[in-house]
Amino acid sequence: MKKLFFLLLFIVIAFGGCYYVYSKINWSGLFGVKKITENVDEQLGDVFWKSYSAEMVEVKNSKIVDPIQQMVRDLCSENNIASSSINVHVVENKEINAFAMPGRHLVVHTGLIDFADHQEEIAGVIAHEIAHIESGHVVKKLGKEIGLSIL
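Keep in mind the model is a prediction, meaning the values are calculated, not measured.

Along the backbone of the protein chain there are seven helices and four strands. In the protein chain, which comprises 151 residues, the proportion classed as buried is 28%. Taking all contacts inside the protein chain whose residues are at least 6 apart in sequence as the whole, residues at least 24 apart take part in 58%. When the accessible area of the protein chain is evaluated, it comes to approximately 10,600 Å², of which 60% is carbon and sulfur surface.

Given below as structure tokens:
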């Protein structure tokens, strides 16, 4: 029984160590990908958005969408970001969530809007997602996941 325990412990440590090492590899540099072009990023975003929106209902009510878009414009203006480059989508979904997609798409669920007591709470979440968009985290994460999947 002791031998089995140590074997299992070794496997867990080996797997964790391999995962840690592989997660630290710069997959973009390894495969010679210098920088993903804006065009490819937009195309990926369009594909992701079409796939996601096929399962969701996008809200078109200006009483809901306009305040969210105004928040995006205000946050972008304060941080010298072109707000027109961010595609804002509000979708009917009870999950308390918002997220960024490739192609500068920002998706806000109605569950987040319903849950928030103050508009500042929503603005904080949106600011966080805009930071992901501006830092390129979405595409970096996607590249990392693809690299790990290949292995």
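The backbone of asparagine 80 shows a phi angle near 55°, a positive value even though the residue is not glycine. Structurally, the position occupied by asparagine 80 is in the loop between helix 4 (62-78) and strand 2 (87-92).

What follows covers the side chain of glutamate 129. Relative to the helices and strands, glutamate 129 is located in helix 6 (residues 119-135). Apart from the residues lying within four places of it in its own chain, the contact partners of glutamate 129 are Ala98, Phe99, Ala100 and Leu106.

Okay, helix 6 next. Structural remark: α-helix, 3.6 residues per turn; residues separated by three or four positions point the same way. The terminal C-alpha atoms of helix 6 lie 24 Å apart, and with 17 residues this matches the ideal 24 Å at 1.5 Å per residue to within 8%. Of all the residues in helix 6, the buried ones are Ile122, Ala123, Ile126, Glu129, Ile130 and Ile133. Across the axial projection of helix 6, the buried residues extend over an arc of 130°, all falling on one side. Looking at the packing, one finds that the buried side of helix 6 touches helix 4, strand 3 (98-101), strand 4 (105-109) and helix 5 (110-115).

Looking now at the pattern of salt bridges. As enumerated under the stated definition, the model contains two salt bridges in all. The salt bridge involving glutamate 58 is made with lysine 60; its shortest N-O contact spans 3.6 Å. On the accessibility criterion, glutamate 58 (26% relative accessible area) is partly exposed. When its relative accessible area of 65% is taken as the criterion, lysine 60 is described as exposed. Residue arginine 104 is joined to glutamate 134 by a salt bridge in which the shortest nitrogen-to-oxygen separation is 2.4 Å. With arginine 104 in the loop between strand 3 and strand 4 and glutamate 134 in helix 6, this residue pair connects regions lying 30 residues apart in the sequence. Judged by its relative accessible area of 22%, arginine 104 is partly exposed. You can call glutamate 134 partly exposed: its relative accessible area is 39%.

Further remarks concern the packing of aromatic side chains. Within the structure shown, the criterion is met by three aromatic pairs. Plain terms: the ring middles of tryptophan 49 and tyrosine 52 are 6.2 Å apart, the flat faces sit at 40° to each other, and that makes the pair tilted. With tryptophan 49 and tyrosine 52 both in helix 3 (residues 38-53), this residue pair falls three residues apart, about one helical turn. The residues tryptophan 49 and tyrosine 52 share a single accessibility class, namely buried. Each ring, one from tyrosine 52 and one from phenylalanine 99, has its centre 5.3 Å from the other, and the planes form 85°; the classification is edge-to-face.

On average, residues of the protein chain score 85 in pLDDT, and 84% of them are at 70 or above. The least confident element of the protein chain, judged by mean pLDDT, is helix 2 (residues 27-30) at 64; the most confident is helix 5 at 96.

Turning to the sheet that holds strand 1 (residues 57-58), a few remarks are in order. Strand order across the open sheet formed by four strands is 1-2-4-3, with mixed pairing between neighbours. Only two strands of the sheet have a single neighbouring strand rather than two, namely strand 1 and strand 3. Where strand 2 and strand 4 come together, five bridges link them in parallel fashion. Paired with valine 90 across the bridge in strand 4 is valine 108.

Definitions and cut-offs
- Starting from 1, residues in each chain are numbered consecutively following that chain's sequence as written.
- Under the rules for a predicted model, residues below a pLDDT of 70 receive no local features and side-chain atom pairs below 80 are neither given nor counted, while totals for whole chains, interfaces and linings still include all residues.
- Values reported for side chains reflect all heavy atoms of the structure, with hydrogen atoms and water molecules removed beforehand.
- Going along the chain from the N terminus, every DSSP run of H or I of four or more residues is numbered as a helix, and every run of E of two or more is numbered as a strand.
- A simple rule labels every residue: compare its accessible area, found with a 1.4 Å probe on the protein chains alone, to the largest value its type can have, and call it buried under 20%, exposed over 50%, or partly exposed in between.
- Between two residues, a contact is recorded if the distance between any of their heavy atoms is within 4.5 Å.
- Residue-level accessible areas treat just the shown protein chains as cover; the underlying method is Shrake-Rupley with a 1.4 Å probe.
- An expected span of 1.5 Å times one less than the residue number is assigned to each helix.
- Along the arc lie the directions from the helix axis toward the C-beta atoms.
- A side-chain nitrogen of Lys or Arg and a carboxyl oxygen of Asp or Glu constitute a salt bridge if their distance falls within 4 Å.
- Only centres within 6.5 Å qualify two rings of Phe, Tyr or Trp (six-membered ring in Trp) as a pair; their planes then separate them into stacked at under 30 degrees, edge-to-face at over 60, and tilted for everything else.
- What pLDDT reports is the predictor's confidence in each residue, on a scale of 0 through 100.
- Strands are labelled as partners when DSSP assigns at least two bridges between them.

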